[in-house]
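The primary structure of each chain is shown beneath.
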Amino acid sequence: MLCRRIAVVLSRNGWASRDSPQTLLRSSITNSVKSFSLKRSKADEQSFTVSYLISSCGLSPQTALHVSQKVNFRSAEKPDSVIALLRNHGFTDTHISKLVRIRPLLLSYDPKHILLPKLEFFQSIGIPTADLATIISSFPNVLDHSLNNQIIPVYNYLKRAILLDDKQVGRSFKHSPRLFCTNLEKKIVPKSSQKFDETLKKVVEMAPKPSEKAIVPILTMMLGLSNSTWEHKMEVFSKCGWSEDDLQLALKKFPLCMNLSEKKITSVMDFLVNEMGWKPAAIAKVPCVLGYSVKRRIIPRCTILKVLILKVLISKDVCLSSVLIRNDKYFLDRYVTKYAEEVPQLLDVFTGKVSPAELAIDYETCLRKLP
């Protein structure tokens, strides 16, 4: 009876009924089962991928779930071989976790034929293992490009057209890995061209006595920036309170500030100006602070500084630039260990384990601007 009803419905909808109702019913059931099985299979793959990303790559459950939308594994064989290759080339758990978050598809690449030759090439031109792991984990997209058709041609061009040696090429890769994903033949004209000469002249004007070590990354960075990008960065600094003179001074002291992202520039300037009361012109005198991490360096040190000032343990006239620029050992000896008896939990404040409020210090007062 059911099969006859199905046949009637099919005929009313204009479907041919050469097959018997029983055949049509079996076909419909088979297709439904296949569709369900396929969905179940994909769900199982995603579940396995999420578990793998958490256990083997150090991702949080939320991040692993998000990343699993971009890559799926049926087994651990391929990603395990990729991770093993990375570890053999100096990648730590932190490097691998960061790389997977940025470019999860790399876990599905052939480690022997796609990844290994590129890692070996970069090492062959003198890039230290530790540096290579840091660079690749921050910009893994470079491994997406062909070694023979993209990476090696860029290397040859830098040596032939700009006359860099292997060490200089390595420094260029460290400061601007994106260069190896760019068609330099079209973007950067040869050494004898007008653009190269003009750019080199600008570099020399910014830093009248640049060393070879300094001039290579600066020149490479400037050749890689378009005029529109250069103008935009100048507008960003202007909005942050720098005058034309401030910008020129900063460029002479730290030309690579033009290679920082807009977000990085504004976040550092905002904290130093609005939270610490530092004048924009004063920052232009020590522009290297723009390259420091707000979370890991600037905020911890400034918090310690304000606690000590509020406790009247140091003068309000302390030089903020020296506080930020000096190395960790100097800072800890000078501003943390030295006052351990007066403020026993100062180290915990520095590491973020204890807030100023837990030291019976008004946090809002602690963040008040310096005079």
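Scroll up a little and you will see the structure.
As the structure is a prediction and not an experimental result, all values here were calculated from the model.

Cut-offs used in this document
- Residues numbered from 1 in each chain as written.
- Predicted model: local features only at pLDDT ≥ 70, side-chain atom pairs only at ≥ 80, totals over all residues.
- Heavy atoms only, no water.
- Salt bridge = Lys/Arg side-chain N within 4 Å of Asp/Glu carboxyl O.
- Helix = DSSP H or I, 4+ residues; strand = E, 2+ residues; numbered from the N terminus.
- Axes fitted to C-alpha atoms, helices over the stretch in contact; angles between N-to-C directions.
- Parallel < 35°, antiparallel > 145°, perpendicular 65-115°, else oblique.
- Left-handed = near helix turned anticlockwise from the far one by under 90°.
- Contact = heavy atoms within 4.5 Å.
- Nonpolar A, V, L, I, M, F, W, Y, C, P; charged D, E, K, R; others polar.
- Expected span 1.5 Å × (residues − 1).
- Buried < 20%, exposed > 50% of the residue type's maximum accessible area, 1.4 Å probe, protein only.
- Phe/Tyr/Trp six-rings, centres within 6.5 Å; stacked < 30°, edge-to-face > 60°.
- Lys, Arg positive; Asp, Glu negative; His and termini not counted.
- Patch = residues over 30% accessible without salt bridge, like charges linked within 9 Å, V, L, I, M, F, W, Y side chains within 5 Å.
- Areas by Shrake-Rupley, 256 points an atom, 1.4 Å probe, with all protein chains shown as cover.
- Charge placed at Lys NZ, Arg CZ, Asp CG, Glu CD.

Student: How should I be thinking about the pattern of salt bridges in this particular structure?
Tutor: Opposite charge on two side chains permits them to pair, given that their charged atoms come into close proximity. Enumeration according to the criterion identifies 6 salt bridges in this entry. With a shortest N-O distance of 3.2 Å, K159 and D166 are connected by a salt bridge. Note that K329 and D333 form a salt bridge whose closest N and O atoms lie 2.9 Å from each other. Taken together, the residues span about one helical turn, with K329 and D333 both in helix α19 (residues 328–336) at a distance of 4 residues.

Student: Explain the environment of K263 here, please?
Tutor: Among the secondary structure elements, K263 is positioned in helix α15 (residues 262–275). Distance in space between the C-alpha atoms of K263 and V236 is 9.7 Å, their sequence separation being 27 residues.

Student: Quick question: what am I supposed to make of the packing of helix α5 (residues 93–102) against helix α7 (residues 129–138) here?
Tutor: Helix packing geometry: the angle between the two helix axes and the distance between the axes. Where α5 contacts α7, the axes come no closer than 8 Å and their chain directions differ by 25°. The angle between α5 and α7 places the two elements in the roughly parallel class. Our pair here, α5 against α7, has a crossing hand that is left-handed. On the side of α5, the interface is formed by H95, K98, L99 and I102, while α7 contributes A133, T134, I136, S137 and S138. Of the residues contributing to the contact of α5 with α7, the split by class is 4 nonpolar, 4 polar and 1 charged.

Student: It is not clear to me how α15 should be interpreted in this structure. Could you clarify?
Tutor: Given 3.6 residues to a turn, an α-helix orients residues that are three or four positions apart in the same direction. Counted at 1.5 Å a residue, the expected span for α15 with its 14 residues is 20 Å, and the 19 Å between its end C-alpha atoms agrees. Taken together, the buried positions of α15 are I265, V268, M269, F271, L272 and V273. Directly after α15, the chain includes G277, whose backbone phi takes a positive value near 70°.

Student: What exactly am I supposed to notice about the packing of aromatic side chains here?
Tutor: Two numbers describe a pair of aromatic rings. These are the distance of the centres and the angle of the planes. Under the counting rule described, the total for this entry stands at 10 aromatic pairs. When the centroid spacing of 5.6 Å and the interplanar angle of 70° are considered together, the rings of Y52 and F73 count as edge-to-face. Taken together, the residues span a long stretch of sequence, with Y52 in helix α2 (residues 21–57) and F73 in the loop between α3 (61–67) and α4 (77–88) at a distance of 21 residues. In this structure Y52 comes out as buried when scored by relative accessible area, which is 5%. Given the relative accessible area of 4%, F73 is considered buried. When the ring of F173 is compared with that of F180, the centres are 5.1 Å apart and the planes differ by 85°; the resulting orientation is edge-to-face. Exposure class is identical for F173 and F180. Each is buried.

Student: I'm lost on the side chain of R297 in this one. Help?
Tutor: With respect to the helices, strands and loops of the structure, R297 is situated in helix α17 (residues 294–310). It is D328 that comes nearest to the buried, bridge-free R297 among opposite-charge side chains, at 4.5 Å. If we ignore the near neighbours within four places in the chain, the residues touching R297 are Y292, L324, I325, R326 and D328.

Student: Can you walk me through a positive patch on the surface in this structure?
Tutor: A surface patch of like charges, here positive, comprises K98, R101, K295 and R296. Of all the secondary structure elements, the ones that give two or more residues to the positive patch are α5 and α17. In this structure, R296 sits in helix α17. When its relative accessible area of 68% is taken as the criterion, R296 is described as exposed.

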